[in-house]
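# Tertiary structure, described
What follows is each chain in one-letter form.
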Amino acid sequence: MNFRVTTLFFGLLLTSLWVFGLMIAHRKSTGDRSFVMPSLQGEDIKIDKLVIQAKGEKNDLTFEKINDRWYFKSGKNQVRVEGFRIDGIIRQIKEAKHDETADVSGARIDQPDETVTLFGTAKEEPKEWKFYIGKENLGVMYVGSSDQEGKTFAVSKHSIENMLITNPNALRSRRLFDFGEVGVTVIDVKRDGKELEVKRGDSGLWTIVKPALGFAGFDVEAPPEKKDPHDFKAPPPPQAASGVKALLNSIMNIRVESETDFVALGTSTAEVGLTPGKESLRIAVTSVTEKGEKKESTTEVMLIGGKVLDRKDGTYYYARLLEDEGIFQINGKLLEPIIEAVNEPGKIRSLNIAVFEEPKVDAIVLKSGKEEYRLFKTEGEKPEGMPFPMPGVKAWEMFVGKEKKKVNDRAIGSLLELVQGKKAIVEFLDIAPGVDEKKKDAEWGFDAPIASVAVYLDAIEKEKKDEAKKDDKAKKEEKDKKEEAKKDEKSKDGVPNLKKDAKPAVKLEIGKIEKGSVNVKRTLQDGTVTRFTVKKEFYDKLVPSEGIELALLDLDLPQLDPSSVTALKIERKGDKGMEAIDLVRRSVDGRDMWFVKDPLEPTGFKQADDPKVEALVRGMSRMHVKKWLKTLDSKEDLDKYGLKFPAAIVTMIVKKSPAAAAGAVAVLASSQPFMAMPFYAAANEADKGEAISVSLGKDTENDKDKPGTFATRTDSKLLFLVDARFVKDIRDTDYRDRASLMHVQARQIAAYLGGVAGEPISALLLASPHISGDVIHFDPDKIKEVKLEVRDRFELRTFDFVHDAKAKTWTDKSNIPEFRLDPEKVTQFLKDLSKARTDRFVAIVGGPRGEHRLGAKEAIIRLDLTFDDGKSMILLIGASYLNQGYYARTSTMPEAVFMLSTATVEPMLRGIATFAKERLAAN
C-alpha cells in the first residue's frame, strides 16, 4: 500500500467521524425522542413548583420550593414536606422512557387520571411542563407530555409510582428537626416557667447558662448497668448516652410515628394550645452550617401544646414547628427525657472541675495561706551566643515575691491537669433560692479560703511597638511617656504584667476539709459561680507536704560543665566498712583519662574505667532531682534521713580558672605521663578548684516516693530525693579499669618468677593455685552430700543429693515434683567439677566487689559439698563478664576471686536437665 492510498483512507475516516459528530449534536439539540419529556434533559433546568391534579379530586396538591426546602401549600397555610420525595417525582418525570415492547395502539389519554405540572426555568427563562398519567394495563401505565402532545407512551408503573399520591401527608416529614449534632451551638428549652439554656463555646465547651450552673458535660459518664456475672453469652449492654449528647439525641428522636398523626391543615393553633407564647413546652435548637466561606446560623423551634384527648393508645401531645402551620401529634414518651432535663438540669452538669485550652494558658496564680506564687509563660531566655530570644519558644517562670525561679514544666502540666480535674467532682453544693449566700459560703469555708488557684488564658500584657511615633512624635509624646512608665514599672521587679481587664478563665477557692473531702468554689470568667466537693487528694496535690514552691521548682540542680571536673572522691560503705576512692583526670598523649590513686603502684596511680567515671561525672554535673522535700536549716536532725553519717559521699573538684587547668594539662602531656603525676599535683595547687559534694543517705519509706534516696548537695540548701538506682550504681560500681583487673594473675606470675630467679627455693610457689589454676580440687568418691542452689530472675531452685554408701548410689532429697534423679549423672558431674581449673584470677586478696555479684543473695549458684570426714567446701558463682566466663570464689580461698569457664558453670545452671532421668511423657 502506497502513501497516496493511506492518505485517502485516513481522510475517509476523519469524514466519517465528523458526520457521526453532527448526528449526535443534532440529536442532542432536538432531544432524545425516546424520553417522554425530552425538553427536561438539559442541565440548566430548575424546578421550584409542582402541582398534582387528580381526576375526581376537588383540590390540587401544590408543592413549592422556598429557601431550598419544599412545602405543601393549601390556601394560606403551608407545611414542610420531605424534599427528597418531591425531588423523586421530578426525577421520575425526567427519566420516564417509552417501553418499545409495549402495545400502545388504541390507548388514549385525552382525559388523564392525573396531571403533574412542573414550573421552573430553562436557561433562566420561565417554563411549564405537563406530564399526563392515564390508565394502567398489566403493570404498564399509559402517559403523555406537553412536549409531545397527542402521543401516547407506555412506561412501567413502578417507574412513576412516586407521582401516584392522593394524600399529602404521605409526603410530610416525620423527622421534625433538621440540624446535625456537630453544628449545634445552643439548646433552649422552656416549660412551666423553667428554662434550660445550654451553649457551646468556640472551643467546643458546653456551659449551662440558664440556670447558671457552669460547665455541662457533653457525654456525662453514667454508672454501668449491672450484668449477671454468670451470663457469658450475653454481650455487655451498650453505654447509654448522657449529658448534652443525650439531650440532643432526645430532641432529634422526636418524630411523627404515623401518617395518621398529621393533623389536617387549617386546624386552629389556639384550639390545641399551640399559639406562640401559650405552648406548654418550647424546644429551640440553634445550629451553624457552612456554605462556602460563610457560616449561617439557623434556629429551629418546636412548640408542644395540649394533650390529645381522644387517643387511647398512650399519651400524645399536639405539636408544630414554628416555621410552618403543620400540626401533628407526638408520643409523650419522646418528651420525657427533655422534661426531666428542664426539671433537673444538674444531671447534665460536667463532673470535670474546669475545661480550658492548655496551650493558651500563660499565667497561674497560686495562694496558700499568706504565700502567693505567680507563674508566667513568657518568651524563653536568649540562647548563649544569640542576641535575642528564640521566637515562639516560651518557658514557665515562678515568682515568689520578686525572686524568679526556674519551674518544672512537668509539674506545671500536672497542675493544669489537676485543675481540670476530669470527672473529679463528687457532689455539687447548690444554694436553694432564698437562702443567704454569704452565710452558706461561711459554713463551707469560702469566706476565708485556705488556698486558691487561678488560671489565665492569653492574659499577659504584650509590649506594643508604636511605629507611628517615628512620623509624628509630637502627637505621640504623651502615649510614649505612658508606655515608658509601664516598662519602668515592670523593670522594678521583672514580673510580667497582666492585662488590665484580665480575668481568670477559672478560679478555684479551697474551703473546709471534712470527712476526706474538700469544699471548692469555682468562679468562671463570665462570673458563673459553682460550689462542689472533691476528694481530699485534690488539696494534697495542690498544696503538697513539701510546699507549693518545692513542688513546682525545676528538678535540675545547678548544672556544671562535666569537662570542668578535675577530680572526684567517692566515700562509700562497703563490705569492710567505709572505703574511699580518689579519682583524678589527666591528659595522656592529648587524651583526657581518669586514674585511681593507689599508693601500692610505683607512680601512685592506676588506670580507671574511663566510661564509668565519665558517666558518673555527667550524672553528678547534671544531677536530676526526683523530688524536692524541704529547706534544711542548722537545727535539722539529719540522722533520720541517714545523712548524719551518709552511706556515700561524692565530692567533685570543679576548676575555677581555665588557664590554670590548661597549664596543668600541658604539664601532664609528657611522653612519660606516669612519671609526671607529681608535677600535676604541683600545678594543680595553683587552682584547687571548688569542691561540691553530694551526700546520699537512707532510702525513703514513703510508698508514694519509692524508690528514692535522701540526698543533699553543698551548693543547695534543699533536701531532695534521687533515684535509688543511681545511688546503687555509686555504691556498687568498681571504677578501676576492669580490663586491668584481668591482668592480676599475669602480674602475680611475673612476681613469682622474679622471686624464683632470686631465690631458687621459691620455686615451690609455682605450685600455688594462683599459678596452677587448681582452685577446685577434691576426690569425687569421698563426697557424702551435694546441695545446689540455682537462682534466676524468677525463682530459686534447690537440689539436695545424698550418697548411700551401702547401695553405692545417690538418692534425691530435693522434693521437686515429678523429678527422677539419675545417680550416674551426679557421679559424672562431680568428676568433671573436680578437674575444674581457672586460667585467670581477678583478685588475689580483698575478696569480691559489688559488680562480681558474689554476695549471699546475689550469687546465681551456690554449691555445698560435704565430705565423708565431715569437712565441707562452698563454691559461689556470680555475674558473667564478656567472654571470660563467670566470677567465682570458694570457701577454701575466701579472699580470691577467679573466673570459671562457661562450660563448667552451664551444667549447674541447667539444673534438672543435668541431673534428671528423661520422662517419656515429656516427649
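Numbers given for residues are sequential positions, taken from 1 along each chain in its written order. Side-chain atom pairs in this predicted model are given and counted only at pLDDT of 80 or more, local residue features only at pLDDT of at least 70, and totals for whole chains, interfaces and linings cover all residues. Excluding hydrogens and water, the side-chain values take into account all heavy atoms of the structure.

## Re the confidence of the model for the protein chain
- Per-residue confidence from the predictor is given as pLDDT, running between 0 and 100. On average, residues of the protein chain carry a pLDDT of 81, and 81% of them reach 70 or more.
- Think of it this way: any DSSP run of H or I at least four residues long counts as a helix, any run of E at least two long counts as a strand, and we number them from the N terminus. In the model of the protein chain, helix α11 (residues 658-668) stands out as the element of lowest mean pLDDT, 39, in contrast to strand β39 (residues 861-867), which has the highest, 95.
- Predicted confidence is poor over residues 750-767, with pLDDT under 50, and the contacts of this stretch with residues over four places away or in other chains come to 14 contacts. Two residues qualify as a contact provided that any one of their heavy atoms is within 4.5 Å of a heavy atom in the partner residue.

## A short note on the pattern of salt bridges
- When a carboxyl oxygen of Asp or Glu lies within 4 Å of a side-chain nitrogen of Lys or Arg, that pair is called a salt bridge. Under the counting rule described, the total for this entry stands at 43 salt bridges.
- Residues Glu64 and Lys73 are paired through a salt bridge, measuring 3.6 Å at the closest nitrogen-oxygen approach.
- Residue Glu64 is classed as partly exposed on the basis of its relative accessible area of 25%.
- Across the salt bridge formed by Arg531 and Asp441, the nearest N and O atoms sit 2.7 Å from each other. Of this pair, Arg531 sits in strand β25 (residues 529-535) while Asp441 sits in helix α6 (residues 437-444), placing them 90 residues apart in sequence. Comparing Arg531 with Asp441 shows no difference in burial state: the two are buried.
- Members of the salt-bridge network, linked through shared partners, are Arg69, Arg80, Arg175, Asp178 and Glu323. Each residue is assigned to one of three classes by its accessible area relative to the maximum for its type, calculated with a 1.4 Å probe on protein chains only: buried under 20%, partly exposed between the two thresholds, exposed over 50%.

## So, the sheet that holds strand β14 (residues 294-307)
- In this scheme, strands are said to pair when DSSP sees at least two bridges between them. With respect to topology, eight strands assemble into an open sheet ordered β12-β11-β10-β9-β13-β14-β15-β16, the strand pairing being antiparallel. Two strands lie at the open edges of the sheet, namely β12 (214-215) and β16 (327-331), each paired on one side alone.
- Relative to β14, strand β13 (residues 281-291) runs antiparallel, the two being bridged by eleven bridges. Its bridge partner lying in β14, Thr286 is registered against Thr299.
- Together, β9 (184-191), β10 (194-200), β11 (206-210) and β13 form the strand contacts of helix α3 (residues 243-252), whose direction differs from that of β9 by roughly 70 degrees.
- In the packing of helix α4 (residues 336-343) onto the sheet, the strands contacted are β9, β10 and β13, and the crossing angle to β9 comes to about 85 degrees. Between N-to-C directions, angles cover 0 to 180 degrees, with each direction set by a line fitted to C-alpha atoms, over the stretch in contact for helices.

## Quick notes on helix α18 (residues 902-910)
- Regarding α18, the residues found buried are Thr904, Val905, Pro907 and Met908. Viewed along the axis of α18, the buried residues span an arc of 155 degrees, placing them on a single side of the element.
- Immediately downstream of α18, the backbone of Gly911 shows phi near 60 degrees, a positive value. Each direction from the helix axis to a C-beta atom contributes to the arc, which is the arc of those directions.

## Comments concerning the sheet that holds β25
- The strand order across the open sheet formed by nine strands is β20-β19-β18-β17-β22-β23-β24-β25-β21, and the pairing between neighbours is antiparallel. The open sheet has two edge strands with one neighbour each: β20 (403-406) and β21 (427-428).
- Taken together, the seven bridges between strand β23 (residues 506-514) and strand β24 (residues 517-524) define a ladder with antiparallel strand orientation. What sits directly across from Val506, in β24, is Leu524.
- Here helix α5 (residues 409-420) sits on the sheet and contacts β17 (361-368), β18 (371-379), β19 (394-400), β22 (451-457) and β23; the angle it forms with β17, its principal contact strand, is near 80 degrees.
- Strands in contact with α6 are β23, β24 and β25; relative to β23, the strand with the most contacts, it is inclined by about 60 degrees.

## So, a nonpolar patch on the surface
- Candidates for patches are residues over 30% relative accessible area with no salt bridge; among them, like charges are joined within 9 Å and nonpolar side chains (Val, Leu, Ile, Met, Phe, Trp, Tyr) within 5 Å. The method behind every accessible area is Shrake-Rupley, applied with a 1.4 Å probe, and residues are considered shielded solely by the protein chains displayed. Residues Leu13, Leu14 and Leu17 make up a contiguous nonpolar surface patch of roughly 290 Å² in combined accessible area.
- Position of Leu17 relative to the elements: it lies in helix α1 (residues 3-30).
- Under the relative-accessibility criterion, Leu17 is labelled exposed at 53%.

## Observations concerning the pairing of β22
- Taking burial as the measure, the seven residues of β22 include six buried ones, the bulk of the element.
- Of the pairings in the sheet, the one linking β17 to β22 comprises seven bridges and is antiparallel in character. Within the sheet, the bridge partner assigned to Val361 lies in β22 and is Leu457.
- Examined bridge by bridge, β22 and β23 share five bridges and lie antiparallel to one another. Bridge pairing in β23 links Ser452 to Glu509.

## Here we look at the packing of aromatic side chains
- Classification of ring pairs rests on two measures: the distance between centres of Phe, Tyr or Trp rings, Trp counted by its six-membered ring, which must be within 6.5 Å, and the angle between planes, read as stacked under 30 degrees, edge-to-face over 60 and tilted in between. Overall, the coordinates contain 16 aromatic pairs when judged by the stated rule.
- With centroids separated by 5.9 Å and ring planes inclined at 65 degrees, the aromatic side chains of Phe376 and Phe399 adopt a geometry described as edge-to-face. In this pair, Phe376 sits in strand β18 while Phe399 sits in strand β19, placing the two residues 23 residues apart along the sequence.
- On the accessibility criterion, Phe399 (1% relative accessible area) is buried.
- On the basis of an interplanar angle of 75 degrees and a centroid distance of 6.3 Å, the ring pair of Phe428 and Phe532 is categorised as edge-to-face. Separated by 104 residues along the polypeptide, Phe428 in strand β21 and Phe532 in strand β25 bring together distant segments of the chain.
- Overall, the relative accessible area of 18% leaves Phe428 in the buried class.
- On the basis of relative accessibility, which here comes to 0%, the residue Phe532 falls in the buried class.
- Through successive ring pairs, a cluster of aromatic residues spans Phe799, Phe801, Phe819, Phe829 and Phe915.
- Lying over the aromatic face of Phe35, Lys97 brings its terminal NZ or CZ to 4.7 Å of the ring centre.
- The aromatic ring of Tyr316 is capped on one face by Arg311, whose charged end is 3.6 Å from the ring centroid. The criterion is that NZ of a Lys, or CZ of an Arg, lies within 6 Å of the ring centre and within 35 degrees of the ring normal, and then a charge sits over that ring.

## Details of empty space enclosed by the protein
- Buriedness for pockets is judged along seven lines, at least five of which must meet protein on both sides within 12 Å for an open set on the 1 Å grid over protein atoms alone, while cavities are sets there where a 1.4 Å probe fits but cannot get out, and lining residues have an atom within 4 Å of a point. Grid points are joined across faces, edges and corners, and a volume is the space filled by probe spheres set on the points. Applying the stated criterion across every chain yields a total of two cavities of 30 Å³ or more.
- One number sums up the size of the largest cavity: a volume of about 80 Å³.
- If you trace the largest cavity, you find it lined by Val79, Arg80, Arg172, Ser173, Arg175, Leu176, Phe262, Leu321, Asp324, Gly326 and Phe328.
- Here the lining of the largest cavity is built from residues that sort into five nonpolar, two polar and four charged.
- Considered as a void within the structure, the second largest cavity measures approximately 30 Å³ in volume.
- Lining of the second largest cavity is provided by Glu789, Arg791, Ala856, Ala859, Ile860, Ile861, Arg862 and Leu876.
- Sorting the residues of the lining of the second largest cavity by element identifies β35 (783-791) and β39 as the ones contributing at least two each. Any residue that is not Ala, Val, Leu, Ile, Met, Phe, Trp, Tyr, Cys, Pro, Asp, Glu, Lys or Arg is counted as polar, Gly included; the first ten are nonpolar and the last four charged.

## So, the nonpolar core
- Core analysis: the biggest nonpolar cluster contains 73 residues, and Ile364, Leu366, Leu375, Leu568 and Leu583 have the highest contact counts within it.
- No other element matches the six residues that α5 contributes to this core.
- Discounting chain neighbours no more than four positions away, the residues touching Leu366 are Glu371, Glu372, Tyr373, Leu375, Leu415, Ser452, Val453, Leu542, Ile548 and Leu552.
- Put simply, a nonpolar core is a bunch of buried Ala, Val, Leu, Ile, Met, Phe, Trp, Tyr and Cys residues held in one set by side-chain atoms that sit within 4.5 Å of each other. The next biggest cluster of nonpolar side chains, apart from the first, holds 37 residues, and it includes Ile816, Leu865, Ala888 and Val905.

## Concerning the pairing of strand β6 (residues 125-137)
- Of the strand pairs in this sheet, strand β5 (residues 114-122) and β6 are connected by nine bridges, and their pairing is antiparallel. Paired with Ala122 across the strands is Glu125, a residue of β6.
- Hairpin remark: β5 followed by β6, antiparallel, with two residues in the connecting loop; positive phi at Lys123, about 55 degrees.
- One ladder, built from five bridges, connects β6 with strand β7 (residues 140-145); its direction is antiparallel. Residue pairing in the sheet places Glu136 in a bridge with Met141 of β7.
- The turn joining β6 and β7, which pair antiparallel and follow one another in sequence, is formed by two residues; a positive phi near 55 degrees is taken by Leu138.

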